[in-house]
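# Per-entry structural report
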Amino acid sequence: MTETMNEATTDPTCIFCRIAAGSIPATVVARNHQAMAFRDLNPQAPSHILVIPLRHVDSLASADNPCEVGGALALAAEVAEAEGLGEGGYRVVTNIGRDGGQTVQHLHFHVLGGRQLHWPPG
Ligand code: DGP
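For the structure given in this document, a descriptive report is provided here. (Residues numbered from 1 in each chain as written. Predicted model: local features only at pLDDT ≥ 70, side-chain atom pairs only at ≥ 80, totals over all residues. Heavy atoms only, no water.)

## Overview of the pattern of salt bridges
The condition is simple: One speaks of a salt bridge when a side-chain nitrogen belonging to Lys or Arg is within 4 Å of a carboxyl oxygen belonging to Asp or Glu. Summary of the burial criterion: residues with accessible area below 20% of their type's maximum are buried, those above 50% are exposed, and those between are partly exposed, where the area comes from a 1.4 Å probe applied to protein chains only.
Taken as a whole and assessed by the stated rule, the structure comprises four salt bridges. The partner of Asp 64 in a salt bridge is Arg 55, with the nearest N and O atoms 2.6 Å apart. Take Asp 64: its relative accessible area is 56%, and that puts it in the exposed class. Judged by relative accessible area, Arg 55 falls into the buried class, the value being 14%.

## Focus: the site of the ligand
Quick note on the threshold: In this text, near means that some heavy atom of the residue lies within 4 Å of the molecule or strand in question. Pairs of N or O atoms are called polar contacts if they sit within 3.5 Å, as long as, within protein, a hydrogen donor faces a hydrogen acceptor (for residues adjacent in sequence, only side-chain-to-side-chain pairs). Surface accessibility in these figures is a Shrake-Rupley result with a 1.4 Å probe; residues are shielded only by whichever protein chains are displayed. The numbering of helices and of strands both runs from the N terminus, where a helix is a DSSP run of H or I of at least 4 residues and a strand a run of E of at least 2. Here the term charged refers only to Asp, Glu, Lys and Arg, the term nonpolar to Ala, Val, Leu, Ile, Met, Phe, Trp, Tyr, Cys and Pro, and the term polar to all other amino acids, Gly among them.
Taken together, 15 residues lie around the ligand, and Arg 39, Asp 40, Asn 95, Thr 103 and His 110 are the ones closest in. In this structure, an oxygen atom belonging to the ligand sits 2.9 Å away from a main-chain N or O atom of Gly 101. A total of 510 Å² of accessible area belongs to the ligand in isolation, and the protein chains cover 84% of it. When residues of the shell around the ligand are assigned to their parent elements, the largest contribution, three residues, is made by helix H1 (residues 15-21). In the shell around the ligand, the residues fall into seven nonpolar, six polar and two charged.

## Re the sheet that holds strand E1 (residues 28-31)
To keep things clear, this is the line we draw: Paired strands, in this sense, are two strands between which DSSP finds at least two bridges. In this analysis, axes come from line fits to C-alpha atoms, helices being fitted only over the stretch in contact, and the angle between any two N-to-C directions falls in the range 0 to 180 degrees.
One open sheet holds the five strands; their spatial order is E1-E2-E3-E5-E4, and the pairing between them is antiparallel. Each edge of the sheet is formed by a strand with only one pairing partner; in this case those strands are E1 and strand E4 (90-93). Across this sheet, the average inter-strand angle for adjacent strands is 20 degrees, counted without regard to direction. Summarising the sheet, E1 and strand E2 (residues 35-39) pair through three bridges and their orientation is antiparallel. Among the inter-strand pairings, Val 28 is bridged to a residue of E2, identified as Phe 38.

## Considerations on the packing of aromatic side chains
As a reminder, the rule being used: Any pair of Phe, Tyr and Trp rings, taking the six-membered ring for Trp, is counted once the centres come within 6.5 Å. Such a pair is stacked with planes under 30 degrees apart, edge-to-face with planes over 60 apart, and tilted for the rest.
Tallied over the full model, the rule gives one aromatic pair. Measuring from ring centre to ring centre gives 5.4 Å for Phe 16 and Phe 38, while their planes differ by 80 degrees; the resulting arrangement is edge-to-face. Here Phe 16, found in helix H1, pairs with Phe 38, found in strand E2; they are 22 residues apart in sequence, far enough to count as distant. The exposure classification of Phe 16 matches that of Phe 38, with both residues buried.

## Observations concerning the nonpolar core
We apply this condition: We define a nonpolar core as any set of buried Ala, Val, Leu, Ile, Met, Phe, Trp, Tyr and Cys residues linked to one another through side-chain atoms lying within 4.5 Å.
In terms of nonpolar packing, the biggest core is built from 16 residues, with Ala 37, Ile 49, Val 51, Leu 75, Val 79, Phe 109 and Val 111 touching the most fellow members. Contributions of two or more residues to this core are made by E2, strand E3 (47-53), helix H2 (66-82) and strand E5 (109-113). Looking at this core element by element, the count peaks at six residues for H2.

## Comments concerning the environment of Asp 11
We count it as follows: Working rule for contacts: check all heavy atoms of both residues, and any pair within 4.5 Å makes them a contact.
Tracing the chain through its elements places Asp 11 in the segment before H1. In this structure Asp 11 comes out as partly exposed when scored by relative accessible area, which is 25%. In sequence terms Asp 11 and His 106 are 95 residues apart; their C-alpha atoms lie 9.3 Å from each other. When residues no more than four places from it in sequence are discounted, the contact partners of Asp 11 are Cys 17 and His 56. Reaching out from Asp 11, the side chain makes a polar contact with the side chain of Thr 13 at a distance of 2.7 Å.

What follows is the structure, encoded as structure tokens:
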């Protein structure tokens, strides 16, 4: 399992890699050796947090480390609890590719909560 970032696992042109490296500011709510969580710049719910692996991975479709993906999902659940979303519920979602609506090509899980979420999504 990859535990540290290095040049080979970081894309300097990727905005989320730059957030992970601290060179672009973000409101960070949690971080561990593998993943970090920060508030979305354009929140779609009262709580809208993004959870990313520190290592650059384009999307879930190209994820090659189940521990890394699982670690990010576990952090998503921790962050949701810390936001007070545990009782009312929340949603964790990842967008993949053009039709999935992915705009940032670094795997991220959206944690959304604090209001009634609708289904199916648009
Ligand atoms: P997606 O469409 O699934 O790729 O979501 C990308 C999300 O990333 C979108 O909700 C807005 C957010 N975002 C884009 N740029 C930044 C940024 O520089 N900082 C933060 N905090 N969020 C960003």
